[in-house]
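Okay, here's what each chain looks like letter by letter:
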Amino acid sequence: MESIDLDQKFPTRLDAFRRLHRHTLDHREQFWAAQANRLQWQTAFSGVVKEDFSKPQAAWFYDGQINAAQNALQRIIKKGKGEAPALIFYQKSGNVATLTFNELEAKVLTLAAAFQHSGLVSGDCIALNLPSCPEFIISALAAAYLGITYLPMGCHLPPSIVAEDIIASKAKLVITAACNAYEQKKDHVLKIQAQLKGQPILVSNEPLDGVPTFESYMAQADPSGLEPAAPRADHPLFAVYENRLAGKPVGSVFPTGGFVVQAHASFDDIFNRTLDQDKPEMIVNTMDMSKAPTQAYALWGPLTNGTAIILIDEDIQVNTIEKILEEQPNPALLCRPNLISALREQLGQNPLNTDKRFPVIACCGNALPPRLVNYADGILVNAPERVVNLWVQNKSGTALLNSYPSPELNRPGTIGFGALGVEPLIMSDFGEPCKTNMSGNLIFDRSWPAMATATKGTAEHFKKTYFSKFPGSFFTYDGVRSDKDGFFWFMGRLDDSIKVKGQSMGASLIEGVLTSHSLVDEAAIISSQDGSGEEIVAFVVPSKAIEDEQTCIDQIKNYIADKIGHFAVPEKIIITDQLPRTPTGKQFRSVLRRIASGEETPD
């Protein structure tokens, strides 16, 4: 069998890359074994993968043992990077806090000792309802050091949902912040605490009466003699709840070994190996820590590669971007496309007030339109290929398709190629392979190391949702096409999913909440494009005559914010006597979209 040399130069020519990609598929187990062996294993694995998509089941590096935190800290420190920056935090006050790898390790071990002192052991779970802040990174690493699973939870969620997810996860400790990331609510923690009925809870920033602080919890801990756990490769590293099934949380669980291996490899390929020079030394994270892609590219991927993480404690402004570019050595940027739109609105026709540019901007969460790539060229980056697209779903964990910062391996608007060792397929609704430039269903008929499993009690839902339309294959619900050069292009979602501000949700979920309100008889949700991406538009048929339409709309918005969260509140609510339909009903959603855009008026 031909050897896999991961130290060779990454091919930047299209023909050479396609040959390498084919080679990693033909020798898939050898390729992933070589990637895994770049990391430090406590017990070596003897087998690479066992998979059966008819069940569906997949286990990677199944008899090996690996500690994720050791690979992100001690392994990097042993390489001589102990005094290099690991974590940088731009605070609202204007201060900038920096932790080296040595300093980050010391804080992680102290918190891990505090976890152990409070009775937490390997196999337990903790919940992290935190914004992008050092406490999140430290907590996740400390949990992984002891083999404790962590549950990242978005600060956009209302306290009721946070409490439900904490209870469902059986988390034994909750770490949160005394504010909601979007609205600065001081009672956020107290509302969560009231619903948990005595559950241990810590607050990370502002002290609250009766709630211990993160700092006081760590104060008495002694990390001397603390030993790292030796989790099996399939041990849950973290879990993410994505939606609700009959009112119960449904989510994804990510394995320690597979996730860390693929996050490490994917980050290295995209941000390091493709570039001969101008390689990023840091990555600026502007995305919510509660998502699997952020765990891959703003935590485990960079740290296991010895790359520092930059966090920002505020809405991203042009002056902050300029300050980071001026002060930090060669930082890359991880963002959603709407951040580029927001920066364009702030700058207008003006350039940045610095000559420095990002070596790479990686976008995920929404399709990256060519107009934003063209805008970023010369303003935020020095060449259009330096804006790369990552196709990531929560179930995938890491990017399964991506472009690269190289002229021949990127085109404005593409979602790139299958990641090395991963083979995406495009199938028609009848299960036939699609020809070049023919749109079809994006599927995968083999697993990948970072692939998620279902949360407890939802295995049948997982199987039915992702493995029933194409038996034996994972169905993504995305429509794509592939051009003659092998680039993949996103054509649209194939379900009712709406993605707003990086958050995916089903239109039917919001419609169900709307119709549970006493003022609403019928409701329909669509997505509409605004200047920075998708926005939610709701059509509502009231259950009785409405005297004050604006009051009705405000009540409905407050109801959605309370039941789902502020991120799900529609930008526009249209009150109508009936939902517009064609005689056959086939163009129902398209009629609504024309009304929402002003092209048509309700009859």
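Residues numbered from 1 in each chain as written. Predicted model: local features only at pLDDT ≥ 70, side-chain atom pairs only at ≥ 80, totals over all residues. Heavy atoms only, no water.

Draft legend 1. Looking closely at the pairing of strand β19 (residues 440–444). The element β19 is extensively covered by neighbouring structure, given that 5 of its 5 residues are classed as buried. By the bridge criterion, 3 bridges tie strand β18 (residues 425–427) to β19 in an arrangement that is antiparallel. Across the sheet, the residue bridging to Ile426 is Leu442, located in β19. The pairing of β19 with strand β21 (residues 474–482) spans 4 bridges and is antiparallel. Note that in β21 the partner of Ile443 across the bridge is Phe475. (Buried < 20%, exposed > 50% of the residue type's maximum accessible area, 1.4 Å probe, protein only. Helix = DSSP H or I, 4+ residues; strand = E, 2+ residues; numbered from the N terminus. Pairing = 2+ DSSP bridges.)

Draft legend 2. A look at the packing of aromatic side chains. Scanning the model with the defined rule gives 29 aromatic pairs in all. The interplanar angle of 75 degrees and the centroid separation of 5.0 Å between the aromatic rings of Phe53 and Phe467 together place this pair among those described as edge-to-face. On the criterion of sequence distance, the pair formed by Phe53 in the loop between β1 (49–52) and β2 (57–60) and Phe467 in helix α15 (residues 459–467) is long-range, its members being 414 residues apart. The buried category is assigned to Phe53, whose relative accessible area is 8%. Judged by its relative accessible area of 6%, Phe467 is buried. On the numbers, 6.3 Å between centres and 85 degrees between planes, the contact of Phe136 with Tyr150 is edge-to-face. Remark: Tyr150 occurs in strand β6 (residues 149–152) and Phe136 occurs in helix α6 (residues 134–145); sequence separation between them is 14 residues. The exposure class assigned to Tyr150 is buried, which follows from its relative accessible area of 0%. Pairwise contacts between aromatic rings join Phe53, Trp391, Phe444, Trp448, Phe462, Tyr466, Phe467, Phe470, Phe474, Phe475 and Tyr477 into one cluster. A cation over an aromatic ring shows up here: Lys50 above the ring of Tyr62, its NZ or CZ 4.4 Å from the ring centre. Above the face of the Tyr375 ring, Arg344 is positioned so that its terminal group lies 5.8 Å from the ring centre. (Phe/Tyr/Trp six-rings, centres within 6.5 Å; stacked < 30°, edge-to-face > 60°. Lys NZ or Arg CZ within 6 Å of the ring centre and 35° of its normal.)

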